[in-house]
Amino acid sequence: MPSAVLGPIALVFTLPVVAPAAGPGDVETVRLRLVEHALAASPSANAVRAWVDSLEPDGSWADVDYAGTSRSGWEPAAHTSRIQSMAVAWGKPGSGLAGDERLLAAVLSALDYWIEQDLECPNWWYNEIGVPLALSGALLVLEERLSDEQRVGGLRILERAKLGMTGQNLVWVAQITVARGCLERSPDTVGAAFGAIEGEIRVSEGEGVQADGSFYQHGAQLYSGGYGLGFARDCALFARLADGTAFAFGPEAVAVLSLYLLDGQQWMIRGRQFDTSAVGREITRASAARADALGSACRDMIALDTPRRAEFEAFLARLESDPGAPEPPLVGNRCFWRSDLMCHHRPGYYASVRVTSDRVLQTELVNSENTRGRHLADGVNNLYLDGGEYSTIFPVWDWQALPGTTCERNGEVGVQNGAVGERPFAGGVSDGVYGVQAMDFARGPLTARKAWFFFDEAYVCLGSGITCSSDHPVVTSVNQCLLEGEVLVGSLAGGPSPRGETLLNRETWVHHDGVGYVFPQPTDIALFADTRVGSWSLIGTGPSDEVRADVFDLRIDHGAGPIDASYAYVVLPGMSARQTSRRARSLGVDILSNTARMQACRHRGAGVTGMVFYEAGTVELAGLPRITVDRPCALLWRDLEDRVSLAAADPSHGVGTLTITVGEGMVLTYDLPEGLLAGRSVVEEFDLH
């Protein structure tokens, strides 16, 4: 019976220790640490001076739209942001404005204006979180110079943050409450807030940290790089703020937070860039997907001296090293079975695939953000070498040709909130080093079986059974990223392609920006390499200014109304055009099957074979004994020195047993994980002889 279940959850807890009662000294320690944290920011001295000079006699600014009603990017919030920066500049030693009395008078006047006007946003978040959060740090820094009226008015605003939410919203509210408790010198208030944060650092069935290390917010929706990034940063901060006091987090919370950061967050980034598949609707923000905040989270966890300190130090070193050549590199494969995401790391690249199931919500449309993201979970295959491949492309993206997706070109890109996939078979199998991600895909009249096989220097993408009953054309996008340098094409004798759109008949390979794309069978493809025009306002609430970007767009055209169409291509990250040309003649990977019943691929050098069974059955594949499975599943076979490793998973999250017969009589029975672990890979090693 297999006993090795692969994945992050492996926490061993000690018996709880009764914490001593908190006293004034604990509150004062936290207050001083909070002030120190607030003063760690570095506001622009020139900007602060300009705000002081332009402040109106009533404490307002003429350039702030106090009548603004935007639900995302609320215009009046600029006032509280300036208060925060001005307070820090006044209180920060060495800022050039520390202790400046004119600055102090200005920031207190601005505070008076806000307290008197008490503006409200149509979006509750600003009223209960955004504004109180901005003011909490300022009030702590300015505390000794506040009047009684300013103190009371400020505390009244902070009190709007009520404990009782979930996920990152709860953490923000608790953060504000800690600050309020410090201003009130109340151990009970501070203790309740720290307790709320600690209580949220747990493996959850709902919103928050998931059993695989991913993060949900707004229901069962992947948000590791959006709300989840703030959760990681803030929870690590408050673990450090509480350390050594009566409010200190217990070992259980520290272990879950370590799991979340090390087995979740760090696997979804390349350099300091978050995988756009994990940032939710924030993909439509110009500043989104930056992972810089994870650096401060690592430093806070290192300060705690956790059992996984060495891993945090290595994580921090990667964040601070060259994104294109991280040192030390992260190598391995992770299947996030709770979130339908697979992440694959090698020293020279990072790739991911996000698929859609009937269990996980697709990316939402909220506050007019993400108006075109219908296909963001339809098999998006992101590929990063240095992390900047997609950084500014979103305003000009063709949203019906997202990287890796097979899409009916019907013009429908609008988001349907609450939507999930139409079929359950979506997920993957991983042994921690290699992985296979697959899905039985359906969207309206389009159906397809799609699989990705991740090896070392290459990964293979297969599609079969592509059928669409409409008259719209169907395309599979190989990649759509920012254009960098020349595009070289095999049919042009390795020469550069012309700018614009080019139809390439019976293509064998294409090379762009350090990546080779090889088509094992001659394929008709369309290549676009030119400038596209768009704006951030077309996809969200950003500026309406025209955005121009050079785009590389490589796709396979299946035509209108395809019936049982297929595709196959191999991606070679980090290879030159010359290397790509050589590999096109001798790939080193064998596509063993690409049908609607089964997809399989073998890497000869690594001795790794991935198999996706969409139905029970028996197959005989080159280089392997006959294999029979009694239910749909995904398998990963790896030849070891004198044994075989076989990882298995059910992408449908079915429970019970999976029986695999190898050869003539070897029967392996896998007990499939249940509950929060359903869909997780199980690995067994055995001797064929």
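About the cut-offs
Residues numbered from 1 in each chain as written. Predicted model: local features only at pLDDT ≥ 70, side-chain atom pairs only at ≥ 80, totals over all residues. Heavy atoms only, no water. Core = buried A, V, L, I, M, F, W, Y, C linked by side-chain atoms within 4.5 Å. Buried < 20%, exposed > 50% of the residue type's maximum accessible area, 1.4 Å probe, protein only. Helix = DSSP H or I, 4+ residues; strand = E, 2+ residues; numbered from the N terminus. Contact = heavy atoms within 4.5 Å. Salt bridge = Lys/Arg side-chain N within 4 Å of Asp/Glu carboxyl O. Pairing = 2+ DSSP bridges. Axes fitted to C-alpha atoms, helices over the stretch in contact; angles between N-to-C directions. 1 Å grid on protein atoms, 1.4 Å probe; cavity = no way out; pocket = protein on both sides within 12 Å on 5 of 7 lines; lining within 4 Å. Points joined across faces, edges and corners; volume = space filled by probe spheres on them. Nonpolar A, V, L, I, M, F, W, Y, C, P; charged D, E, K, R; others polar.

Caption draft 1: Fine view of the nonpolar core. If you look at the biggest cluster of nonpolar residues, it comprises 171 residues, and the most contacted ones within it are Phe 194, Phe 249, Phe 274, Leu 294 and Leu 383. With eleven residues, the top contributor of residues to this core is helix α9 (residues 227-242). Those residues in contact with Phe 274 that sit more than four places away from it in its chain are Ser 224, Gly 225, Leu 229, Gln 265, Met 268, Ile 269, Val 279, Ala 289, Ala 291, Leu 294 and Tyr 384. Within the second largest apolar cluster, 30 residues are counted, among which are Val 460, Leu 488, Met 575 and Leu 636.

Caption draft 2: Local environment of the pattern of salt bridges. Taken as a whole and assessed by the stated rule, the structure comprises 45 salt bridges. Measuring nitrogen to oxygen at the nearest pair gives 3.8 Å for the salt bridge that ties Glu 200 to Arg 202. Owing to a relative accessible area of 6%, Glu 200 belongs among the buried residues under this scheme. Sharing partners across several salt bridges, the network here consists of Glu 28, Arg 31, Glu 143, Arg 151 and Arg 185.

Caption draft 3: Structural detail: the sheet that holds strand β9 (residues 380-384). Reading across the sheet, the four strands line up as β6-β7-β8-β9 and stay open at both edges, with antiparallel pairing between neighbours. A strand with exactly one partner marks an edge of an open sheet, and here the two such strands are β6 (332-336) and β9. The mean angle between the axes of side-by-side strands here comes to 10 degrees, regardless of whether they run parallel or antiparallel. For strand β8 (residues 349-354) and β9, the ladder comprises five bridges, and the chain directions are antiparallel. Residue Ser 352 lies in a different strand from β9, and its bridge partner there is Asn 382.

Caption draft 4: Summary view of unusual backbone geometry. Cis peptide bonds are those with omega within 30 degrees of zero, and the linkage from Glu 327 to Pro 328 qualifies with 0 degrees. Relative to the elements of secondary structure, Pro 328 occurs in the loop between α12 (309-319) and β6. Its identity is not glycine, yet Asp 513 carries a phi of approximately 50 degrees, on the positive side. Mapped onto the fold, Asp 513 is located in the loop between β18 (500-512) and β19 (515-534).

Caption draft 5: Spatial organisation of empty space enclosed by the protein. Under the defined criterion, the tally for this structure stands at eight cavities of 30 Å³ or more. The calculated volume of the largest cavity comes to roughly 140 Å³. Taken together, 15 residues make up the lining of the largest cavity; nearest its centre are Ile 269, Arg 270, Gly 271, Arg 318 and Pro 326. Those elements that provide at least two residues to the lining of the largest cavity are β4 (269-270), α12 and β7 (341-346). Ranked by residue count, the leading element in the lining of the largest cavity is α12, at three residues. In the lining of the largest cavity, the residues fall into eight nonpolar, three polar and four charged. Counted as a void, the second largest cavity has a volume near 70 Å³. Together, Leu 383, Leu 385, Glu 389, Asn 479, Cys 481, His 512, Asp 513, Val 515 and Tyr 517 line the second largest cavity. Going through the elements one at a time, β15 (473-482) and β19 are the ones with two or more residues in the lining of the second largest cavity.

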